[in-house]
Amino acid sequence: MKFIVAIINLDDVAGVIKHLTKGGFSSTKLTSAGGLLKEGNATIFVGVENVKLNDALRIIDKYSHSRIRLIQTPSLEGMDSPPTEVKVGGATVFVLDCEQFMRF
Ligand code: 2BA
């Protein structure tokens, strides 16, 4: 079994969860925020059978979109520096081996 941790833009997370549920996947959503942008995002946990892993990843990929954000970099010697473009997402995904899965 695998355990997916996916960090997803707040604007996309409802669509991702909807399609995961449609595909028969259970998921749990936590509200989170990125360390750099301090912007709200969502983290979802999905426990999946090994053979279903790619199906779940395809759904997360399909319904997560990347975006460009502008960040203000610290100015040098008081001079204004132009904002820097940062490409955020689609989804940032970690796949972990899940040793045990239990429901009591
Ligand atoms: P943030 O930390 O707000 O980062 C937003 C975007 O800023 C990142 O997009 C990336 O393009 C850039 N960025 C962040 N930290 C950087 C660094 N140290 N050096 C260069 N560029 C950096 P994504 O990579 O798509 O990440 C989107 C969100 O996913 C992140 O939001 C964070 O919440 C999470 N994330 C990304 N990588 C992670 C990691 N290795 N561990 C934990 N969370 C991660």
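Above: the structure in question.
## A closer look at the site of the ligand
So, step 1. The environment of the ligand is made up of Ile-7, Gly-34, Gly-35, Leu-36, Leu-37, Asn-41, Val-86, Lys-87, Val-88, Gly-89, Thr-92 and Phe-94.
So, step 2. In this structure, Leu-37 approaches the ligand through a main-chain N or O atom, which is 2.8 Å from an oxygen atom.
So, step 3. With respect to the ligand, the side chain of Asn-41 contributes an N or O atom lying 3.2 Å from an oxygen atom.
So, step 4. Contact with the protein chains removes 48% of the 740 Å² of surface that the ligand exposes when unbound.

## Re the side chain of Ser-32
So, step 1. Inspection of the secondary structure puts Ser-32 in strand S2 (residues 28-33).
So, step 2. A polar contact of 2.6 Å, which involves the side chain of Ser-32, links it to the side chain of Asn-41.
So, step 3. A polar atom in the side chain of Ser-32 sits 2.8 Å from the side chain of Thr-43.
So, step 4. Each residue touching Ser-32, except ones within four places of it in the same chain, is listed here: Glu-39, Gly-40, Asn-41, Ala-42 and Thr-43.

## Digging into the nonpolar core
Nonpolar side chains in soluble globular proteins tend to be buried together.
So, step 1. Counting 15 residues, the largest nonpolar core has Ile-4, Leu-20 and Ile-44 as its most contacted members.
So, step 2. Contributions of two or more residues to this core are made by strand S1 (2-9), helix H1 (10-22), strand S3 (40-48) and helix H2 (53-62).
So, step 3. Those residues within four positions of Leu-20 in sequence are excluded, and the remaining contacts are Phe-25, Ser-27, Ile-44, Val-46, Ala-56, Ile-59 and Ile-60.

## Quick notes on the packing of aromatic side chains
So, step 1. Scanning the entire structure with this criterion turns up one aromatic pair.
So, step 2. A centroid spacing of 5.3 Å and a plane angle of 45 degrees characterise the contact between Phe-3 and Phe-45, whose relative ring orientation is tilted. Linking Phe-3 in strand S1 with Phe-45 in strand S3, this pair joins segments that are 42 residues apart in sequence.
So, step 3. On the basis of relative accessible area, Phe-3 is assigned to the partly exposed category, the value being 28%.
So, step 4. A relative accessible area of 28% means that Phe-45 is categorised as partly exposed.

## A short note on the side chain of Thr-43
So, step 1. By the element assignment, Thr-43 lies in strand S3.
So, step 2. Contact partners of Thr-43, with chain neighbours within four places excluded, come to Val-5, Ala-6, Ile-7, Thr-28, Lys-29, Leu-30 and Ser-32.

## Quick notes on the pairing of S2
So, step 1. Sheet analysis places S2 next to S3, joined by six bridges and oriented antiparallel. Counterpart to Ser-32 in the pairing with S3 is Asn-41.
So, step 2. Counted along the chain from S2 to the antiparallel partner S3, the turn is six residues long, and its residue Lys-38 has a positive phi close to 60 degrees.

## Section: the sheet that holds S2
So, step 1. Judged by pairing direction, the sheet is antiparallel, and its four strands sit side by side in the order S2-S3-S1-S6 without closing on themselves. Since the sheet does not close on itself, it has two edges, and those belong to S2 and strand S6 (92-97), each with one partner. Within the sheet, the average angular offset between the axes of one strand and its neighbour, ignoring direction, is 20 degrees.
So, step 2. Note that S1 and S3 share eight bridges and pair antiparallel. Within S3, the position partnered with Asn-9 by the bridge is Asn-41.
So, step 3. On the sheet, H1 packs against S1, S2 and S3 and is oriented at approximately 20 degrees with respect to S3.
So, step 4. Across the sheet, H2 lies against S1, S3 and S6, angled at about 5 degrees from S1, the strand it touches most.

About the thresholds
Residues numbered from 1 in each chain as written. Predicted model: local features only at pLDDT ≥ 70, side-chain atom pairs only at ≥ 80, totals over all residues. Heavy atoms only, no water. Near = heavy atom within 4 Å. Polar contact = N/O pair within 3.5 Å; in protein donor to acceptor, adjacent residues only side chain to side chain. Areas by Shrake-Rupley, 256 points an atom, 1.4 Å probe, with all protein chains shown as cover. Helix = DSSP H or I, 4+ residues; strand = E, 2+ residues; numbered from the N terminus. Contact = heavy atoms within 4.5 Å. Core = buried A, V, L, I, M, F, W, Y, C linked by side-chain atoms within 4.5 Å. Buried < 20%, exposed > 50% of the residue type's maximum accessible area, 1.4 Å probe, protein only. Phe/Tyr/Trp six-rings, centres within 6.5 Å; stacked < 30°, edge-to-face > 60°. Pairing = 2+ DSSP bridges. Axes fitted to C-alpha atoms, helices over the stretch in contact; angles between N-to-C directions.

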